[in-house]
Amino acid sequence: MKYYLVLVAVFGFFTAMGISHASSFVTQYCSSTGQVQIVAPWYCSDINIQAQNVWSQWEPLALIVAFLSFLLGAVIFMAGIVSKSSRIRNFGVGEIYESIASILIVVAFLFIAATLFGLLPGVVTGPINPYDTSLTYIANTINTTSSLASRLFIIASLDRYYASITTQICFLNTLVSVCTPEGFRPFAFTILLWYWPAWALMQFMLDALFTLYVQYYFILFFLYAGMPVFLIPGVILRAFLPTRGVGGMMIAIAIGFFLVMPVLFSIAYYFTSTSAIKGLSNTYATLTQYGAGTGAQAGTLSPYSPLVLAITNANSVMNGFWLSILFFPALILAIAYSVVINLALIIGGTAKAGSTAFMRLV
């Protein structure tokens with residue numbers, strides 16, 4: 001009986017500490033002088049409000065689940081005492097420790113969320129919203145790429161039409177008409193100078209648009225689903241041994257794709273997107289100036305024509321452009337995936353050890 005009272009006392013002590021610790025910070029971290037408000041004001045004005053609204057609906061269930069997990073650990077511990085089995089008793093103690101950790105996570109959830117999703121990005125990016133920054137950069141790149149692809153398609157299609165025109169000369173008399181061979185195309189050489197480079201660049205632009213839209217909506221999905229779909233259910237599932245691994249994975253997914261990924265995207269696009277957008281905008285301006293109106297096709301008649309030079313300049317900025325939309329996103333996703341895997345082992349890795357110990361007991 002004395003072991004049970006000791007466990008209850010320890011449980012009550014850690015719970016009271018967690019509640020007092022959480023309540024003090026919950027009321028202060030987003031105040032006018034709060035640390036999160038100073039470092040990341042965007043979090044307090046936007047994400048913190050949403051987190052409070054969502055967490056208020058889940059908090060009673062999370063507390064009930066955490067208390068039940070503690071009672072289950074206490075029952076296992078008492079069973080070890082009754083059966084005089086040190087393995088069962090140690091297993092129960094481990095479950096009680098996990099339950100205490102779950103209780104602390106539940107009662108200090110808003111403070112933990114503010115620390116992870118407010119302070120940490122703020123330390124890296126400053127008082128800049130990484131979600132808004134990354135989405136804005138991607139949206140600007142999408143608009144520039146879409147405009148350039150549309151202009152390329154219009155001019156290339158018209159140029160291809162002129163290049164397909166054939167010239168045939170016929171001499172007519174009363175008896176017979178004599179015509180030169182059909183197939184002479186006066187504008188055919190523009191296909192090599194302008195059409196194929198422009199058409200290839202347009203195809204690259206379309207592939208880039210697909211990649212950019214995937215990145216944009218991937219970030220947007222985790223912006224809205226990170227907390228209510230992954231983080232909060234993960235906290236609840238982590239409280240029980242059978243679902244601890246799943247809960248740890250869901251928490252890790254929320255941290256990796258809701259926290260790490262937008263911060264890395266905002267940093268990468270800050271250093272690469274500006275130069276890429278500038279190069280594409282200059283190309284679009286040249287195409288608009290020389291690719292429309294009377295005599296527009298004269299801009300494709302020689303290797304030094306303005307439209308041909310515009311395509312050449314556009315191809316020269318493709319290296320930085322592809323780094324911006326293909327290489328860095330792939331690298332960011334790989335880093336986020338690595339963070340998720342390692343955090344899942346830390347947060348929910350005890351589920352595997354606990355399951356192994358439980359199977360040995362059985």
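Refer to the structure presented above.
Everything in this summary refers to the structure shown in the same document.

What counts and what doesn't
Residues numbered from 1 in each chain as written. Predicted model: local features only at pLDDT ≥ 70, side-chain atom pairs only at ≥ 80, totals over all residues. Heavy atoms only, no water. Helix = DSSP H or I, 4+ residues; strand = E, 2+ residues; numbered from the N terminus. Expected span 1.5 Å × (residues − 1). Bend = angle between axes of the 7 residues up to and from the residue. Buried < 20%, exposed > 50% of the residue type's maximum accessible area, 1.4 Å probe, protein only. Phe/Tyr/Trp six-rings, centres within 6.5 Å; stacked < 30°, edge-to-face > 60°. Core = buried A, V, L, I, M, F, W, Y, C linked by side-chain atoms within 4.5 Å. Contact = heavy atoms within 4.5 Å. Axes fitted to C-alpha atoms, helices over the stretch in contact; angles between N-to-C directions. Parallel < 35°, antiparallel > 145°, perpendicular 65-115°, else oblique. Left-handed = near helix turned anticlockwise from the far one by under 90°. Nonpolar A, V, L, I, M, F, W, Y, C, P; charged D, E, K, R; others polar. 1 Å grid on protein atoms, 1.4 Å probe; cavity = no way out; pocket = protein on both sides within 12 Å on 5 of 7 lines; lining within 4 Å. Points joined across faces, edges and corners; volume = space filled by probe spheres on them. Salt bridge = Lys/Arg side-chain N within 4 Å of Asp/Glu carboxyl O.

## Description of helix α10 (residues 318-348)
(1) Moving on: The end-to-end C-alpha distance of α10 is 43 Å, a good match for the 45 Å that 31 residues give at a rise of 1.5 Å each.
(2) Moving on: At S324, α10 shows its maximal kink, close to 40 degrees.
(3) Moving on: Three or more residues of α10 are buried, namely M318, F321, S324, I325, P329, I332, A336, V340, A344, I347 and G348.

## Let's talk about the packing of aromatic side chains
(1) Moving on: Applying the stated rule across the entire model yields 17 aromatic pairs.
(2) Moving on: Summarising the aromatic geometry, the rings of Y216 and Y217 are spaced 5.4 Å apart at their centres and angled 85 degrees between planes, so their arrangement reads as edge-to-face.
(3) Moving on: Ring geometry for F222 and F257: centres 5.0 Å apart, planes at 25 degrees, overall stacked. Of this pair, F222 sits in helix α7 (residues 190-237) while F257 sits in helix α8 (residues 244-290), placing them 35 residues apart in sequence.
(4) Moving on: F222 sits in the buried class, given a relative accessible area of 6%.
(5) Moving on: Judged by relative accessible area, F257 falls into the buried class, the value being 12%.
(6) Moving on: An aromatic cluster is built from W42, Y43, F117, Y131 and F258, whose rings are joined through pairwise contacts.

## Some words on the nonpolar core
Nonpolar side chains tend toward joint burial in soluble globular proteins.
(1) Moving on: The biggest cluster of nonpolar side chains holds 76 residues, and the ones touching the most others in it are Y43, F117, L152, M205, M227, M261 and F321.
(2) Moving on: Put simply, the parts of the chain that give this core at least two residues each are α3 (41-83), α4 (86-107), α5 (109-125), α6 (130-163), α7, α8, α9 (306-316) and α10.
(3) Moving on: Dropping the residues within four chain positions of it, F321 is found in contact with T141, T145, M205, A208, A276 and L280.

## Some words on the packing of α8 against α9
For any two helices packed against each other, the geometry is given by the interaxial angle and the distance between the axes.
(1) Moving on: Where α8 contacts α9, the two axes come as close as 9 Å, and the packing angle between them is 165 degrees. When the interaxial angle is binned, α8 and α9 end up roughly antiparallel. The interaxial crossing formed by α8 with α9 has left-handed handedness. Where α8 approaches α9, its residues T283, T286, L287 and Y290 are matched on the opposing element by P306, L307, A310 and A314.
(2) Moving on: Classifying every residue of the contact of α8 with α9 gives 6 nonpolar, 2 polar and no charged.

## Some words on the layout of surface pockets
(1) Moving on: Reported here for the largest pocket is a volume of approximately 320 Å³.
(2) Moving on: Residue lining of the largest pocket: 16 residues in total, with D46, I47, Q50, L223 and Y224 positioned closest to the centre.
(3) Moving on: Secondary-structure elements contributing two or more residues to the lining of the largest pocket are α3, α6 and α7.
(4) Moving on: Taken together, the residues that form the lining of the largest pocket break down as 10 nonpolar, 4 polar and 2 charged.

## Looking at unusual backbone geometry
(1) Moving on: Here K84, not a glycine, exhibits a phi torsion of approximately 55 degrees, which is positive.
(2) Moving on: As for its position among the elements, K84 is in the loop between α3 and α4.
(3) Moving on: You can call K84 exposed: its relative accessible area is 74%.

## Topic: the pattern of salt bridges
When the charged atoms of two side chains lie near each other, side chains of opposite charge can form a pair.
(1) Moving on: Going through the model one piece at a time under the given rule, you end up with 2 salt bridges.
(2) Moving on: As a salt-bridge pair, R244 and E95 come within 3.0 Å of each other at their nearest N and O atoms. Taken as a pair, R244 in helix α8 and E95 in helix α4 lie far apart in primary sequence, 149 residues in all.
(3) Moving on: On the accessibility criterion, R244 (1% relative accessible area) is buried.
(4) Moving on: Here R238 ties to E98 by a salt bridge, and the two come within 2.7 Å at their closest N and O atoms. Of this pair, R238 sits in the loop between α7 and α8 while E98 sits in helix α4, and the two are 140 residues apart along the sequence.
(5) Moving on: Here R238 falls in the buried class, since its relative accessible area comes to 8%.

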